[in-house]
Amino acid sequence: MIALVDVNNCYVSIERLFDPSLCNKPVIVLSNNDGCAVARSNEAKALGIPMGAPAFQYKDLIIQEKVNVLSSNYPLYADISGRAMNLLAEFTDNMEIYSIDEAFLYFDGFGKHFNYYQIGEKIRRTMIKGLGLPVSVGFAPTRTLAKIANRFAKKYPHIGGSVCVLDTPAKIEKALKKTEIGDVWGIGRRKNLRLQAVNVNTAWDYTRMNDAYLRREFGVLGTRMKYDLLGERAVQQADIKPKKSIACTRSFKDMMMDKNELKERIATFTATAAENLRQQGSNANMIGVFLQTNRFREEMPQYNPSFIFPTDFATSSTIELNKFAQKALDIIFKPGYRYKKAGVILMGITPDNARQTKLFYADNPKHKDLMQAIDAINSKLGRDTVTFAIQDRKDKWKMRQDNLSQRYTTNWDDLVRLKCF
DNA sequence: TCTGGGGTCCTAGGACCC
DNA sequence: TCTGGGGTCCTAGGACCC
(Lines give C-alpha, C1' and ligand atoms only; values in the text may rest on other atoms or scores of the structure.)
Protein backbone atom coordinates (compact mmCIF):
# COMPACT_ATOMS: atom_id res chain seq x y z
CA MET A 1 0.00 0.00 0.00
CA ILE A 2 0.97 3.61 -0.54
CA ALA A 3 -0.07 6.44 1.74
CA LEU A 4 -0.43 9.99 0.56
CA VAL A 5 -0.09 12.32 3.53
CA ASP A 6 -0.73 15.99 3.13
CA VAL A 7 -1.01 18.96 5.44
CA ASN A 8 -4.51 20.41 5.42
CA ASN A 9 -4.58 23.98 4.09
CA CYS A 10 -0.83 23.97 4.62
CA TYR A 11 0.17 27.65 4.78
CA VAL A 12 -2.87 28.56 6.84
CA SER A 13 -2.19 25.73 9.28
CA ILE A 14 1.41 26.90 9.70
CA GLU A 15 0.34 30.49 10.36
CA ARG A 16 -2.10 29.18 12.96
CA LEU A 17 0.72 27.44 14.82
CA PHE A 18 2.19 30.78 15.73
CA ASP A 19 -1.05 32.76 15.99
CA PRO A 20 -3.75 30.56 17.51
CA SER A 21 -6.23 33.44 17.35
CA LEU A 22 -6.54 32.54 13.66
CA CYS A 23 -8.07 29.17 14.50
CA ASN A 24 -11.73 28.62 13.60
CA LYS A 25 -11.74 31.83 11.59
CA PRO A 26 -11.61 32.42 7.84
CA VAL A 27 -7.96 32.88 6.83
CA ILE A 28 -6.28 33.21 3.45
CA VAL A 29 -2.60 33.40 2.55
CA LEU A 30 -1.67 35.40 -0.54
CA SER A 31 0.96 34.86 -3.22
CA ASN A 32 3.89 37.22 -3.76
CA ASN A 33 3.03 40.92 -3.95
CA ASP A 34 -0.16 40.03 -2.07
CA GLY A 35 -1.67 38.93 -5.37
CA CYS A 36 -3.78 35.77 -5.23
CA ALA A 37 -5.09 33.44 -2.54
CA VAL A 38 -2.81 30.41 -2.51
CA ALA A 39 -4.05 28.86 0.72
CA ARG A 40 -7.48 29.05 2.36
CA SER A 41 -8.80 27.80 5.67
CA ASN A 42 -11.96 25.68 5.53
CA GLU A 43 -13.92 28.70 6.75
CA ALA A 44 -12.57 30.78 3.86
CA LYS A 45 -13.39 28.01 1.38
CA ALA A 46 -16.92 27.93 2.75
CA LEU A 47 -17.25 31.65 1.99
CA GLY A 48 -16.63 30.82 -1.66
CA ILE A 49 -13.10 32.16 -2.09
CA PRO A 50 -11.59 29.96 -4.81
CA MET A 51 -7.99 28.83 -5.11
CA GLY A 52 -5.94 31.47 -6.93
CA ALA A 53 -8.50 34.21 -6.42
CA PRO A 54 -7.03 37.70 -6.92
CA ALA A 55 -7.37 39.39 -3.54
CA PHE A 56 -8.64 42.69 -4.90
CA GLN A 57 -11.60 40.97 -6.55
CA TYR A 58 -12.75 39.66 -3.18
CA LYS A 59 -12.10 42.80 -1.20
CA ASP A 60 -15.73 43.37 -0.26
CA LEU A 61 -16.25 39.80 0.90
CA ILE A 62 -12.99 39.90 2.86
CA ILE A 63 -14.03 43.02 4.73
CA GLN A 64 -17.62 41.94 5.23
CA GLU A 65 -16.75 38.49 6.56
CA LYS A 66 -13.67 39.65 8.47
CA VAL A 67 -11.39 37.27 6.57
CA ASN A 68 -7.84 37.30 7.96
CA VAL A 69 -5.48 38.03 5.10
CA LEU A 70 -1.79 37.13 5.36
CA SER A 71 1.18 37.65 3.06
CA SER A 72 3.11 34.49 2.30
CA ASN A 73 6.12 33.72 4.44
CA TYR A 74 8.01 31.11 2.43
CA PRO A 75 11.09 30.78 4.65
CA LEU A 76 8.77 29.85 7.52
CA TYR A 77 6.76 27.36 5.44
CA ALA A 78 9.88 25.72 4.04
CA ASP A 79 11.31 25.26 7.52
CA ILE A 80 8.12 23.78 8.99
CA SER A 81 7.72 21.57 5.93
CA GLY A 82 11.20 20.15 6.53
CA ARG A 83 10.26 19.30 10.10
CA ALA A 84 7.02 17.66 8.95
CA MET A 85 8.90 15.50 6.44
CA ASN A 86 11.36 14.43 9.14
CA LEU A 87 8.48 13.22 11.30
CA LEU A 88 6.87 11.35 8.40
CA ALA A 89 10.15 9.69 7.49
CA GLU A 90 9.93 7.75 10.76
CA PHE A 91 7.04 5.67 9.44
CA THR A 92 8.73 3.99 6.50
CA ASP A 93 12.11 3.67 4.86
CA ASN A 94 10.67 4.59 1.47
CA MET A 95 9.19 8.03 1.23
CA GLU A 96 8.81 10.37 -1.70
CA ILE A 97 8.47 14.04 -0.90
CA TYR A 98 6.11 15.23 -3.57
CA SER A 99 5.66 18.89 -2.70
CA ILE A 100 6.06 21.31 0.17
CA ASP A 101 3.03 19.78 1.89
CA GLU A 102 2.69 16.21 0.58
CA ALA A 103 4.59 12.96 0.67
CA PHE A 104 3.96 9.44 -0.56
CA LEU A 105 4.86 6.84 2.05
CA TYR A 106 5.42 3.35 0.71
CA PHE A 107 4.25 0.48 2.90
CA ASP A 108 5.29 -2.30 0.58
CA GLY A 109 5.72 -5.68 2.18
CA PHE A 110 3.63 -4.80 5.22
CA GLY A 111 1.21 -7.58 4.33
CA LYS A 112 -2.48 -7.87 3.69
CA HIS A 113 -3.70 -7.85 7.22
CA PHE A 114 -1.79 -4.85 8.41
CA ASN A 115 -4.14 -2.32 9.98
CA TYR A 116 -3.74 0.75 7.83
CA TYR A 117 -6.40 2.71 9.68
CA GLN A 118 -4.30 2.39 12.79
CA ILE A 119 -1.12 3.52 11.13
CA GLY A 120 -3.00 6.40 9.52
CA GLU A 121 -4.31 7.49 12.88
CA LYS A 122 -0.83 7.20 14.32
CA ILE A 123 0.52 9.45 11.60
CA ARG A 124 -2.16 12.01 12.36
CA ARG A 125 -1.52 11.93 16.08
CA THR A 126 2.23 12.21 15.57
CA MET A 127 1.88 15.26 13.34
CA ILE A 128 -0.51 16.98 15.73
CA LYS A 129 1.53 16.20 18.81
CA GLY A 130 4.96 16.73 17.32
CA LEU A 131 4.27 19.78 15.22
CA GLY A 132 0.67 20.90 15.63
CA LEU A 133 -0.19 20.32 11.99
CA PRO A 134 -3.43 18.62 10.88
CA VAL A 135 -2.89 16.09 8.09
CA SER A 136 -5.06 13.84 5.95
CA VAL A 137 -3.98 10.32 5.04
CA GLY A 138 -5.11 8.23 2.08
CA PHE A 139 -4.02 4.61 1.61
CA ALA A 140 -4.32 2.70 -1.66
CA PRO A 141 -2.31 0.30 -3.82
CA THR A 142 -1.25 2.96 -6.34
CA ARG A 143 -0.28 6.61 -6.27
CA THR A 144 -3.25 7.83 -8.29
CA LEU A 145 -5.62 5.93 -5.99
CA ALA A 146 -3.79 7.18 -2.90
CA LYS A 147 -4.51 10.70 -4.14
CA ILE A 148 -8.19 9.79 -4.42
CA ALA A 149 -8.18 8.17 -0.98
CA ASN A 150 -6.67 11.35 0.43
CA ARG A 151 -9.48 13.41 -1.11
CA PHE A 152 -12.04 11.18 0.56
CA ALA A 153 -10.23 11.46 3.88
CA LYS A 154 -10.63 15.22 3.63
CA LYS A 155 -14.11 15.24 2.22
CA TYR A 156 -15.63 12.81 4.70
CA PRO A 157 -13.59 13.24 7.89
CA HIS A 158 -16.17 11.29 9.89
CA ILE A 159 -15.19 8.09 8.07
CA GLY A 160 -12.38 7.06 10.36
CA GLY A 161 -11.28 10.62 11.10
CA SER A 162 -9.36 11.95 8.09
CA VAL A 163 -7.91 8.57 7.21
CA CYS A 164 -9.22 6.68 4.19
CA VAL A 165 -8.11 3.22 3.14
CA LEU A 166 -8.94 1.84 -0.30
CA ASP A 167 -7.82 -1.74 -0.01
CA THR A 168 -10.41 -3.88 -1.81
CA PRO A 169 -11.68 -3.85 -5.41
CA ALA A 170 -15.16 -3.11 -4.11
CA LYS A 171 -14.04 -0.04 -2.16
CA ILE A 172 -11.96 1.13 -5.09
CA GLU A 173 -14.87 0.82 -7.49
CA LYS A 174 -17.15 2.72 -5.15
CA ALA A 175 -14.57 5.48 -4.74
CA LEU A 176 -13.98 5.75 -8.48
CA LYS A 177 -17.71 6.07 -9.13
CA LYS A 178 -17.89 8.91 -6.64
CA THR A 179 -14.90 10.78 -8.09
CA GLU A 180 -15.44 13.27 -10.88
CA ILE A 181 -12.96 12.79 -13.68
CA GLY A 182 -11.70 16.38 -13.38
CA ASP A 183 -10.67 15.67 -9.78
CA VAL A 184 -8.32 12.86 -10.76
CA TRP A 185 -4.60 13.56 -10.39
CA GLY A 186 -3.30 14.22 -13.90
CA ILE A 187 -6.57 15.43 -15.41
CA GLY A 188 -6.39 19.16 -15.89
CA ARG A 189 -8.85 21.58 -17.42
CA ARG A 190 -8.20 20.59 -21.03
CA LYS A 191 -8.42 16.85 -20.62
CA ASN A 192 -11.48 17.25 -18.42
CA LEU A 193 -13.33 19.05 -21.20
CA ARG A 194 -12.32 16.49 -23.81
CA LEU A 195 -13.41 13.60 -21.59
CA GLN A 196 -16.75 15.12 -20.71
CA ALA A 197 -17.38 15.62 -24.41
CA VAL A 198 -17.25 11.84 -24.85
CA ASN A 199 -19.37 11.29 -21.77
CA VAL A 200 -16.63 10.25 -19.39
CA ASN A 201 -17.71 11.92 -16.18
CA THR A 202 -16.24 9.87 -13.36
CA ALA A 203 -12.96 8.12 -12.69
CA TRP A 204 -14.86 4.85 -13.06
CA ASP A 205 -16.05 5.82 -16.56
CA TYR A 206 -12.42 6.43 -17.45
CA THR A 207 -11.41 2.88 -16.51
CA ARG A 208 -14.09 1.57 -18.91
CA MET A 209 -12.42 3.22 -21.92
CA ASN A 210 -10.46 1.07 -24.32
CA ASP A 211 -6.67 1.16 -24.32
CA ALA A 212 -6.15 2.01 -27.99
CA TYR A 213 -8.45 4.99 -27.73
CA LEU A 214 -6.74 6.29 -24.59
CA ARG A 215 -3.31 5.79 -26.12
CA ARG A 216 -4.29 7.69 -29.25
CA GLU A 217 -6.14 10.54 -27.56
CA PHE A 218 -4.20 10.96 -24.33
CA GLY A 219 -0.81 9.41 -24.95
CA VAL A 220 1.01 6.95 -22.73
CA LEU A 221 -0.01 8.94 -19.67
CA GLY A 222 -3.62 8.25 -20.58
CA THR A 223 -3.30 4.47 -20.49
CA ARG A 224 -1.02 4.47 -17.47
CA MET A 225 -3.59 6.41 -15.54
CA LYS A 226 -6.28 3.85 -16.35
CA TYR A 227 -4.28 1.00 -14.86
CA ASP A 228 -3.21 3.03 -11.87
CA LEU A 229 -6.89 3.71 -11.19
CA LEU A 230 -7.59 -0.01 -11.41
CA GLY A 231 -5.00 -0.72 -8.75
CA GLU A 232 -2.08 -1.86 -10.91
CA ARG A 233 0.98 0.29 -10.42
CA ALA A 234 1.57 2.00 -13.73
CA VAL A 235 2.65 5.42 -12.48
CA GLN A 236 6.07 4.87 -11.02
CA GLN A 237 7.66 6.38 -7.97
CA ALA A 238 9.81 9.32 -8.89
CA ASP A 239 13.49 9.08 -8.02
CA ILE A 240 15.17 11.90 -6.24
CA LYS A 241 16.94 13.66 -9.03
CA PRO A 242 18.75 16.95 -9.33
CA LYS A 243 16.64 19.62 -10.97
CA LYS A 244 16.73 19.91 -14.72
CA SER A 245 15.91 23.58 -14.72
CA ILE A 246 16.20 26.27 -12.09
CA ALA A 247 14.27 29.50 -12.37
CA CYS A 248 13.94 32.80 -10.61
CA THR A 249 11.09 34.95 -11.88
CA ARG A 250 9.07 37.76 -10.35
CA SER A 251 6.18 40.05 -11.07
CA PHE A 252 6.90 43.67 -10.25
CA LYS A 253 4.79 45.73 -7.93
CA ASP A 254 4.72 48.49 -10.55
CA MET A 255 5.35 48.24 -14.25
CA MET A 256 8.88 49.02 -15.34
CA MET A 257 10.29 50.85 -18.36
CA ASP A 258 13.88 51.68 -17.47
CA LYS A 259 16.42 49.31 -18.95
CA ASN A 260 18.93 49.91 -16.17
CA GLU A 261 16.41 48.82 -13.61
CA LEU A 262 15.70 45.68 -15.60
CA LYS A 263 19.43 44.97 -15.81
CA GLU A 264 19.56 45.07 -12.05
CA ARG A 265 16.57 42.72 -11.73
CA ILE A 266 18.02 40.24 -14.22
CA ALA A 267 21.36 40.27 -12.39
CA THR A 268 19.65 39.62 -9.07
CA PHE A 269 17.51 36.81 -10.48
CA THR A 270 20.62 35.28 -12.02
CA ALA A 271 22.45 35.45 -8.68
CA THR A 272 19.61 33.67 -6.89
CA ALA A 273 19.23 30.98 -9.55
CA ALA A 274 23.00 30.41 -9.68
CA GLU A 275 23.12 30.04 -5.91
CA ASN A 276 20.46 27.31 -6.08
CA LEU A 277 22.38 25.72 -8.94
CA ARG A 278 25.58 25.55 -6.89
CA GLN A 279 23.68 24.19 -3.94
CA GLN A 280 22.69 21.10 -5.88
CA GLY A 281 26.23 20.75 -7.20
CA SER A 282 25.41 21.39 -10.84
CA ASN A 283 26.38 23.56 -13.77
CA ALA A 284 24.24 25.13 -16.46
CA ASN A 285 24.86 25.09 -20.19
CA MET A 286 22.08 27.47 -21.13
CA ILE A 287 20.48 30.52 -19.63
CA GLY A 288 17.12 31.92 -20.68
CA VAL A 289 15.83 35.40 -19.98
CA PHE A 290 12.28 36.62 -20.51
CA LEU A 291 10.28 39.83 -20.16
CA GLN A 292 6.51 40.19 -19.99
CA THR A 293 4.20 43.15 -20.22
CA ASN A 294 1.01 43.23 -18.17
CA ARG A 295 -1.30 40.67 -19.78
CA PHE A 296 -4.26 41.87 -17.76
CA ARG A 297 -4.05 45.34 -19.28
CA GLU A 298 -5.17 44.42 -22.75
CA GLU A 299 -5.43 48.01 -23.88
CA MET A 300 -1.68 48.42 -23.47
CA PRO A 301 0.81 47.25 -26.10
CA GLN A 302 1.92 43.69 -25.36
CA TYR A 303 5.41 42.26 -25.79
CA ASN A 304 6.61 38.98 -24.27
CA PRO A 305 10.07 38.23 -25.61
CA SER A 306 12.47 35.56 -24.45
CA PHE A 307 15.93 34.48 -25.46
CA ILE A 308 17.98 31.43 -24.57
CA PHE A 309 21.75 31.79 -24.59
CA PRO A 310 23.98 28.74 -24.77
CA THR A 311 26.87 29.41 -22.42
CA ASP A 312 30.28 28.59 -23.89
CA PHE A 313 30.95 26.06 -21.13
CA ALA A 314 29.12 24.48 -18.24
CA THR A 315 29.30 26.91 -15.37
CA SER A 316 27.76 27.82 -12.05
CA SER A 317 29.57 31.13 -11.72
CA THR A 318 27.19 34.01 -11.14
CA ILE A 319 29.65 36.27 -12.95
CA GLU A 320 29.73 34.16 -16.11
CA LEU A 321 26.02 33.48 -16.10
CA ASN A 322 25.20 37.12 -15.63
CA LYS A 323 27.31 38.07 -18.66
CA PHE A 324 25.05 35.90 -20.80
CA ALA A 325 21.92 37.05 -19.05
CA GLN A 326 22.75 40.68 -19.72
CA LYS A 327 23.50 39.91 -23.36
CA ALA A 328 20.15 38.20 -23.65
CA LEU A 329 18.45 41.22 -22.12
CA ASP A 330 20.19 43.49 -24.64
CA ILE A 331 18.73 41.38 -27.42
CA ILE A 332 15.14 41.28 -26.22
CA PHE A 333 14.70 44.65 -24.54
CA LYS A 334 12.66 47.18 -26.50
CA PRO A 335 12.11 50.64 -25.09
CA GLY A 336 8.61 52.01 -24.76
CA TYR A 337 6.95 48.95 -23.23
CA ARG A 338 5.87 48.73 -19.63
CA TYR A 339 7.18 45.46 -18.24
CA LYS A 340 5.35 43.69 -15.44
CA LYS A 341 7.35 40.52 -15.03
CA ALA A 342 10.80 39.16 -15.80
CA GLY A 343 12.76 36.04 -15.13
CA VAL A 344 15.87 33.97 -15.56
CA ILE A 345 15.87 30.21 -16.20
CA LEU A 346 18.97 28.02 -16.05
CA MET A 347 18.82 24.97 -18.31
CA GLY A 348 20.96 22.20 -19.72
CA ILE A 349 21.94 21.33 -16.18
CA THR A 350 24.73 18.82 -15.67
CA PRO A 351 26.33 17.57 -12.46
CA ASP A 352 29.71 18.91 -11.35
CA ASN A 353 31.34 15.49 -11.69
CA ALA A 354 30.31 15.02 -15.32
CA ARG A 355 31.50 18.20 -16.85
CA GLN A 356 32.06 18.49 -20.55
CA THR A 357 35.16 20.61 -21.09
CA LYS A 358 35.60 22.75 -24.18
CA LEU A 359 38.64 23.19 -26.34
CA PHE A 360 38.50 26.94 -26.76
CA TYR A 361 36.66 28.16 -23.71
CA ALA A 362 37.05 27.57 -20.04
CA ASP A 363 35.62 28.76 -16.78
CA ASN A 364 37.84 31.11 -14.87
CA PRO A 365 39.16 28.77 -12.14
CA LYS A 366 39.15 31.58 -9.61
CA HIS A 367 35.37 31.85 -9.84
CA LYS A 368 34.81 28.56 -8.13
CA ASP A 369 36.57 29.63 -4.96
CA LEU A 370 34.97 33.03 -5.11
CA MET A 371 31.48 31.59 -5.37
CA GLN A 372 32.18 29.17 -2.55
CA ALA A 373 33.32 32.03 -0.36
CA ILE A 374 30.27 34.13 -1.18
CA ASP A 375 27.89 31.23 -0.53
CA ALA A 376 29.59 30.45 2.76
CA ILE A 377 29.35 34.04 3.97
CA ASN A 378 25.74 34.41 2.92
CA SER A 379 24.77 31.17 4.52
CA LYS A 380 26.44 32.12 7.78
CA LEU A 381 25.59 35.80 8.03
CA GLY A 382 22.35 35.92 6.09
CA ARG A 383 21.17 36.18 2.54
CA ASP A 384 22.49 39.15 0.61
CA THR A 385 25.33 39.89 3.02
CA VAL A 386 27.55 39.81 -0.06
CA THR A 387 26.05 40.77 -3.41
CA PHE A 388 27.36 42.01 -6.72
CA ALA A 389 27.68 45.72 -7.31
CA ILE A 390 25.08 45.66 -10.07
CA GLN A 391 22.49 44.41 -7.56
CA ASP A 392 20.33 46.82 -5.68
CA ARG A 393 20.28 46.31 -1.92
CA LYS A 394 16.65 45.24 -1.95
CA ASP A 395 14.90 48.21 -0.43
CA LYS A 396 13.76 49.45 -3.78
CA TRP A 397 12.28 46.19 -4.92
CA LYS A 398 10.57 45.15 -1.79
CA MET A 399 7.50 43.15 -2.61
CA ARG A 400 4.14 44.19 -1.38
CA GLN A 401 3.70 42.17 1.81
CA ASP A 402 1.26 44.06 3.98
CA ASN A 403 0.56 41.25 6.43
CA LEU A 404 3.73 39.29 6.80
CA SER A 405 4.14 37.06 9.82
CA GLN A 406 7.52 36.75 11.53
CA ARG A 407 10.22 34.27 10.59
CA TYR A 408 9.65 32.49 13.87
CA THR A 409 11.93 29.55 13.19
CA THR A 410 14.54 30.91 10.80
CA ASN A 411 15.61 34.24 12.29
CA TRP A 412 16.93 34.93 15.78
CA ASP A 413 15.29 38.34 15.88
CA ASP A 414 11.88 36.83 15.18
CA LEU A 415 11.78 34.16 17.86
CA VAL A 416 8.50 33.76 19.66
CA ARG A 417 8.50 35.77 22.89
CA LEU A 418 6.77 34.50 26.00
CA LYS A 419 5.50 36.82 28.66
CA CYS A 420 5.52 35.89 32.32
CA PHE A 421 2.59 37.17 34.27
C1' DT B 1 -4.59 50.50 -8.62
C1' DC B 2 -4.60 45.46 -7.81
C1' DT B 3 -4.03 39.31 -11.02
C1' DG B 4 2.26 34.04 -8.10
C1' DG B 5 6.22 31.05 -8.77
C1' DG B 6 8.59 26.86 -9.82
C1' DG B 7 8.72 22.68 -11.68
C1' DT B 8 7.99 17.83 -14.67
C1' DC B 9 6.89 14.87 -18.54
C1' DC B 10 5.35 13.74 -23.26
C1' DT B 11 4.91 14.36 -28.25
C1' DA B 12 5.64 15.50 -33.00
C1' DG B 13 8.64 16.92 -36.24
C1' DG B 14 13.11 18.17 -38.00
C1' DA B 15 17.86 17.09 -38.72
C1' DC B 16 21.07 14.06 -38.70
C1' DC B 17 23.67 9.32 -38.82
C1' DC B 18 25.03 4.77 -41.38
C1' DT C 1 7.16 6.27 -63.87
C1' DC C 2 10.01 4.26 -60.39
C1' DT C 3 14.19 6.68 -55.06
C1' DG C 4 15.33 1.99 -48.36
C1' DG C 5 15.42 1.03 -43.65
C1' DG C 6 16.48 1.78 -39.06
C1' DG C 7 17.94 4.56 -35.86
C1' DT C 8 19.26 8.90 -32.38
C1' DC C 9 19.11 13.49 -30.66
C1' DC C 10 17.17 17.93 -30.09
C1' DT C 11 13.54 21.36 -29.69
C1' DA C 12 9.24 23.82 -29.10
C1' DG C 13 4.98 23.58 -27.35
C1' DG C 14 1.33 21.58 -24.68
C1' DA C 15 -0.50 19.83 -20.49
C1' DC C 16 -0.16 19.02 -16.04
C1' DC C 17 1.19 19.45 -10.89
C1' DC C 18 1.41 22.07 -6.18
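Residues numbered from 1 in each chain as written. Chains lettered and ligands numbered in written order. Predicted model: local features only at pLDDT ≥ 70, side-chain atom pairs only at ≥ 80, totals over all residues. Heavy atoms only, no water.

Novice: Residue-level account of the nonpolar core, with values.
Specialist: Counting residues in each nonpolar core, the largest one holds 36 residues, and the members touching the most others are L88, L105, F107, I123, V137 and F139. Secondary structure elements with two or more residues in this core: β1 (2–7), α1 (10–18), β2 (27–30), α4 (74–88), β6 (102–106), α5 (116–131), β7 (135–140) and β8 (163–165). Per element, the largest residue contribution to this core is 6 residues, and it comes from α4. Setting aside residues no more than four positions away along its own chain, F139 makes contact with M1, I2, A3, F107, Y116, I119, G120, A149, V163, C164, V165 and L166. (Core = buried A, V, L, I, M, F, W, Y, C linked by side-chain atoms within 4.5 Å. Buried < 20%, exposed > 50% of the residue type's maximum accessible area, 1.4 Å probe, protein only. Helix = DSSP H or I, 4+ residues; strand = E, 2+ residues; numbered from the N terminus. Contact = heavy atoms within 4.5 Å.)

Novice: Residue-level account of the environment of R278, with values.
Specialist: With respect to the helices, strands and loops of the structure, R278 is situated in helix α11 (residues 259–279). On the basis of relative accessibility, which here comes to 16%, the residue R278 falls in the buried class. Note: C-alpha distance between R278 and N304 (26 residues apart in sequence) is 29 Å. The residues contacting R278, other than those within four sequence positions of it, are S316, S317, T318, M371 and D375.

Novice: An account of the protein's contact with DNA strand C is requested, with residue identities and associated values reported.
Specialist: Neighbouring DNA strand C are 13 residues; D101, K147, G186, R190 and K191 lie closest to it. Here, DNA strand C places atoms within 4 Å of the protein, and 100% of those atoms are sugar or phosphate. Contacts to DNA strand C include D101, whose side-chain N or O atom sits 3.1 Å from a sugar or linking oxygen. In this structure, a phosphate oxygen belonging to DNA strand C sits 2.7 Å away from a side-chain N or O atom of R190. Contributions of two or more residues to the surface near DNA strand C are made by β5 (95–99) and α8 (189–197). (Near = heavy atom within 4 Å. Polar contact = N/O pair within 3.5 Å; in protein donor to acceptor, adjacent residues only side chain to side chain.)

Novice: Describe the sheet that holds strand β4 (residues 68–71), with residues and values.
Specialist: Pairing is mixed across the open sheet formed by 3 strands, whose spatial order is β3-β2-β4. Looking at the sheet topology across the chains shown, the edges are occupied by β3 (37–40) and β4. On average, adjacent strands in this sheet sit at an angle of 25° to one another, irrespective of strand direction. Strand direction decides the pairing type here: β2 and β3, joined by 3 bridges, are antiparallel. Looking across to β3, one finds that V29 is bridged to A39. (Pairing = 2+ DSSP bridges. Axes fitted to C-alpha atoms, helices over the stretch in contact; angles between N-to-C directions.)

Novice: Explain empty space enclosed by the protein to me, using residue names and the numbers behind them.
Specialist: To find leftover empty space, one rolls a probe the size of a water molecule over the atoms. A complete count under the given rule lists 1 cavity of 30 Å³ or more for this structure. What lines the largest cavity is V5, D6, V7, A84, M85, L88, D101, E102, A103, M127 and V135. In terms of residue class, the lining of the largest cavity is made up of 8 nonpolar, no polar and 3 charged. (1 Å grid on protein atoms, 1.4 Å probe; cavity = no way out; pocket = protein on both sides within 12 Å on 5 of 7 lines; lining within 4 Å. Points joined across faces, edges and corners; volume = space filled by probe spheres on them. Nonpolar A, V, L, I, M, F, W, Y, C, P; charged D, E, K, R; others polar.)

Novice: Account for the protein's contact with DNA strand B, naming residues and giving values.
Specialist: The full set close to DNA strand B counts 27 residues, and S31, A247, T249, S251 and K340 are the nearest of them. At 3.0 Å from a phosphate oxygen of DNA strand B is found a side-chain nitrogen or oxygen belonging to R250. Here S251 contributes a side-chain N or O atom positioned 2.7 Å from a phosphate oxygen of DNA strand B. Sorting the residues of the surface near DNA strand B by element identifies α10 (211–229), β9 (246–256) and β12 (339–347) as the ones contributing at least two each. The biggest single contributor to the surface near DNA strand B is β9, with 6 residues.

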